[in-house]
Amino acid sequence: MARLKYDSQFQRMLVQAAFLLVCIWIGIEFHYFVKWGMSRGALPFVERPPGVEGFLPISALISLKYWIETGIINDVHPSGLIIFLAIVGGSLLLKKSFCSWFCPVGTLSESLWMLGQKLFGKNFTLPRWLDYPLRSLKYLLLLFFGAAVWAMDADSMAAFIYSPYNKMADVKMYYFFAEMTTAAVVTILVLMGLSVVVKNFWCRYLCPYGALLGLASFLSPLKIRRTASTCIDCELCTKACPSNIKVHAASTVRSDECTSCLQCVEVCPVKNTLEMRAPVVKRGVPTWAVAALVVLVFIGVTGAGMMAGHWRNGMTRDEYLMRFPKIDSPMYQHARGSVPEYGPQD
Ligand code: SF4
Ligand code: SF4
């Protein structure tokens, strides 16, 4: 019980494990939904888990712009937009907390660098001349996707959102992983291998979602803040930071790489010297309250979306049964957000 209240890393591990289990449950349920669809309804029907839309961030970004421009929350992937808002909302309040508290890729990444520490006794840090340009790669990827979405007007967004491709984008994603090409398997294995030797390789250098959250996190009022007058310069915080931030030298950690993991706060030997704190406010937020806030923001936003009726999509079983057999046809392809022309019968 004491660990649950006082050990932020124990709390974080519990939240990570719970979210990972939810993702695995979503994956299993979606697998049986796809099997039902591909059997043309011969197998028992399994409900499609709406949470699967959380893995369609580009569709969610288009949905967000469409909502802002037209006031319409589309019913093709409504939960994708709600989950996206919950994740970005968390970063606006608590830095990139999604990355270290929820994201299953972040959790896997953390396990891999811990494995690397066990195998090699340490992780390797890239020299600054290489680290800086590589960190900009994720922003270039974000720029690439962001510019494509920015260029879309309301008509082209509607054409994409209601296209056969977008309606079955979750099923297409399923097949990407279920029938991975050799190139995809090799790429994933290389990235995993790099994550064993360099902490959070994918997240630090390549993840455009993380880049977006990093930008949002600059606005976060809650940041790690250090009280210089009580700090004994032991540098334990800097050694503990998995994002290689020089915490001991900062009065406020503004870095876009800070994920609110609280590892620095946990190791600081001087009480109340390193805290998650809002500006001006003198008292820091206790670590258990940070954990509770991280979870509450996510559950609060997704719960509000559910209650407002923006969770389950509007596709019927009959529509899915009509689309499943055509999934490999050219109608279900896209090139950089541009989808083939389709009519009311498609
Ligand atoms: S500064 Fe602290 S909270 Fe931020 S990533 Fe580093 S260890 Fe985690
Ligand atoms: S761990 Fe605490 S006392 Fe040590 S350098 Fe960091 S802030 Fe200062």
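Only a predicted model underlies this, so the values are computations on that prediction, with no experimental measurement involved.

Parameters at a glance
- What you see as residue numbers is a count from 1 along each chain, following the sequence as written.
- Whichever chain is written first becomes A and whichever ligand is written first becomes 1, with later ones labelled in order.
- Since the coordinates come from a predicted model, pLDDT governs what is reported: local features require at least 70, and pairs of side-chain atoms require 80 or more to be given and counted, while whole-chain, interface and lining totals use all residues.
- Values reported for side chains reflect all heavy atoms of the structure, with hydrogen atoms and water molecules removed beforehand.
- Each helix is a run of H or I in the DSSP string that is no shorter than four residues. Each strand is a run of E no shorter than two, and both are numbered from the N terminus.
- C-alpha atoms define the radius of gyration, and 2.2 Å times the number of residues to the power 0.38 defines the globule rule.
- Each residue is assigned to one of three classes by its accessible area relative to the maximum for its type, calculated with a 1.4 Å probe on protein chains only: buried under 20%, partly exposed between the two thresholds, exposed over 50%.
- Contacts are assigned to residue pairs with any non-hydrogen atoms lying within 4.5 Å of each other.
- Values of accessible area rely on a 1.4 Å probe in the Shrake-Rupley scheme; residue burial ignores everything except the protein chains shown.
- Residues counted as positive are Lys and Arg, residues counted as negative are Asp and Glu, and His and the chain ends are not counted.
- Every charge is mapped onto a representative atom, which is NZ of Lys, CZ of Arg, CG of Asp or CD of Glu.
- To estimate the expected span of a helix, subtract one from its residue number and multiply by 1.5 Å.
- What the arc describes is the spread of directions from the helix axis to the C-beta atoms.
- Strand pairing follows a simple DSSP-based rule, namely that at least 2 bridges must link the two strands.
- We call a set of buried Ala, Val, Leu, Ile, Met, Phe, Trp, Tyr and Cys residues a nonpolar core when their side-chain atoms join them within 4.5 Å.
- Here a residue counts as near a molecule or strand whenever at least one of its heavy atoms sits within 4 Å of it.
- Following the grouping adopted for this structure description, the nonpolar residues are Ala, Val, Leu, Ile, Met, Phe, Trp, Tyr, Cys and Pro, the charged ones are Asp, Glu, Lys and Arg, and the polar ones are all others, Gly among them.
- Using a 1 Å grid laid over the protein atoms alone, points where a 1.4 Å probe fits but cannot get out form a cavity; open sets with protein on both sides within 12 Å along at least 5 of 7 lines form a pocket; any residue with an atom within 4 Å of a point counts as lining.
- Grid points are joined across faces, edges and corners, and a volume is the space filled by probe spheres set on the points.
- Confidence of the predictor in every single residue is expressed as pLDDT, which spans 0 to 100.
- Polar contact criterion, stated in full: a pair of N or O atoms within 3.5 Å, where within protein one must be able to donate a hydrogen and the other to accept it, and residues adjacent in sequence count only if both atoms are side-chain atoms.
- To obtain an axis, a line is fitted to C-alpha atoms, over the contacting stretch when the element is a helix, and the angle between two such axes runs from 0 to 180 degrees between their N-to-C directions.
- Should an angle lie under 35 degrees it is considered roughly parallel, over 145 roughly antiparallel, and from 65 to 115 roughly perpendicular; all remaining angles are considered oblique.
- Each crossing gets its handedness from the near helix: less than a right angle anticlockwise from the far helix is left-handed, clockwise is right-handed.

So, the overall build of the protein: which residues are in play, and what are the values?
The helix and strand tally for the protein stands at 17 helices and two strands. Taken against the 2.2 N^0.38 rule, which gives 20 Å for 346 residues, the C-alpha radius of gyration of the protein at 22 Å falls within 12% of a compact globule. Each principal axis of the C-alpha distribution contributes one length, and for the protein these read about 70 × 45 × 40 Å. Relative to its full complement of 346 residues, the protein shows a buried share of 47%. In the protein, once contacts between residues fewer than 6 apart in sequence are set aside, the share between residues at least 24 apart is 77%. With the model as given, the accessible surface of the protein reaches about 17,700 Å², and the carbon-plus-sulfur share is 68%. Across the protein, the centroid of the 33 positively charged side chains sits 11 Å from that of the 23 negatively charged ones.

Run through helix α11 (residues 182-197), naming residues and quoting values.
Each α-helix winds once per 3.6 residues, and so residues spaced three or four apart point in a common direction. Relative to the 22 Å expected for 16 residues at 1.5 Å per residue, α11 spans 23 Å between its end C-alpha atoms, a close match to the ideal helical length. Turning to α11, its buried residues number three or more, namely A184, L191, S195 and V196. Each buried residue of α11 lies within a common arc of 150° when the element is viewed along its axis, so the set occupies one face. Relative to its buried face, α11 has exposed residues pointing more than 90 degrees away, namely T182, A183 and L189. Contacts made by the buried residues of α11 are with α6 (104-120), α10 (169-178) and α12 (201-206).

Hey, could you go over the pairing of strand β2 (residues 274-277) for me, with residue numbers and the actual values?
The side-chain alternation of β2 yields two buried faces, one formed by L274 and M276 and the other by E275 and R277. Taken together, the four bridges between strand β1 (residues 223-226) and β2 define a ladder with antiparallel strand orientation. Paired with I224 across the strands is M276, a residue of β2.

How would you explain the nonpolar core if you had to name every residue and give the values?
Counting residues in hydrophobic clusters, the biggest one holds 72 residues, and the most contacted among them are F102, M168, I224 and V247. Among all residues touching M168, those that are not within four sequence positions of it are M315, Y320, R323, F324, I327 and Y332. Formed by five residues, the second largest nonpolar core is a distinct cluster that contains L191, F201, Y205 and L206.

Hey, could you go over the site of ligand 1 for me, with residue numbers and the actual values?
Taken together, the neighbourhood of ligand 1 is formed by I224, C241, P242, S243, V247, V253, C258, T259, S260, C261, L262 and C264. When grouped by side-chain class, the residues that make up the shell around ligand 1 number nine nonpolar, three polar and no charged.

Let's hear about the layout of surface pockets: which residues, and what values?
Its boundaries defined by the atoms lining it, the second largest pocket holds a volume of some 600 Å³. Per-element tally for the lining of the second largest pocket: the top contributor is β2, with three residues. Class assignment of the residues belonging to the lining of the second largest pocket gives a composition of nine nonpolar, four polar and six charged.

Provide a residue-level description of the confidence of the model for the protein, including the pertinent values.
Here the protein averages 95 in pLDDT, while 98% of its residues score no lower than 70. The secondary-structure element of the protein with the lowest mean pLDDT is helix α1 (residues 2-6), recorded at 72, while helix α14 (residues 236-240) shows the highest, at 98.

Break down the environment of L85 for me, citing the residues and quoting the values.
Note on placement: L85 falls in helix α4 (residues 78-94). Taking the C-alpha atoms as reference, L85 lies 33 Å from T227; in sequence the two are 142 residues apart. When sequence neighbours within four positions are dropped, the list of residues in contact with L85 reads L64, W67 and V301.

Which residues make up the side chain of S97, and what values go with them?
The topology assignment puts S97 in helix α5 (residues 97-101). According to the relative accessible area criterion, S97 is buried, its value standing at 4%. Residues within four places of S97 in sequence aside, it is in contact with G90, F102, T259, S260 and V294.

Please provide a residue-by-residue account of the side chain of N313, values included.
Mapped onto the fold, N313 is located in the loop between α16 (287-307) and α17 (317-323). Within polar-contact distance, the side chain of N313 engages the backbone nitrogen of M315 at 3.4 Å. Among the polar contacts made by the side chain of N313, one reaches the side chain of Y320 at a distance of 2.9 Å. For N313, the contacting residues outside a window of four places in its chain are R48, E53, D75, V76, P78 and Y320.

Any details on the packing of helix α2 (residues 8-38) against α6? Residues and values, ideally.
For the pair α2 and α6, interaxial distance at closest approach is 9 Å and the crossing angle is 125°. Relative to α6, α2 is oriented oblique. Our pair here, α2 against α6, has a crossing hand that is left-handed. From α2, R12, Q16, F19, L20 and C23 reach across to α6, where they touch P104, T107 and E110. Along the lines of polarity and charge, the residues of the contact of α2 with α6 split into four nonpolar, two polar and two charged.

Can you break down the environment of C264 residue by residue, with the values?
With respect to the secondary-structure elements, C264 resides in helix α15 (residues 263-267). When the C-alpha positions of C264 and L137 are compared, they lie 27 Å apart, and in sequence the two are 127 residues distant.

Let's hear about the packing of α4 against α16: which residues, and what values?
Here α4 crosses α16 at 150°, and the two axes come no closer than 9 Å. Here α16 runs roughly antiparallel to α4, going by the angle between their axes. Every pair of crossing elements has a handedness; the one defined by α4 and α16 is right-handed. Contact residues: I82, I83, L85, A86, I87, G89, G90, L93 and L94 in α4; V290, L293, V294, V297, F298, V301, T302 and G305 in α16. For the contact of α4 with α16, the residue count by class is 13 nonpolar, four polar and no charged.

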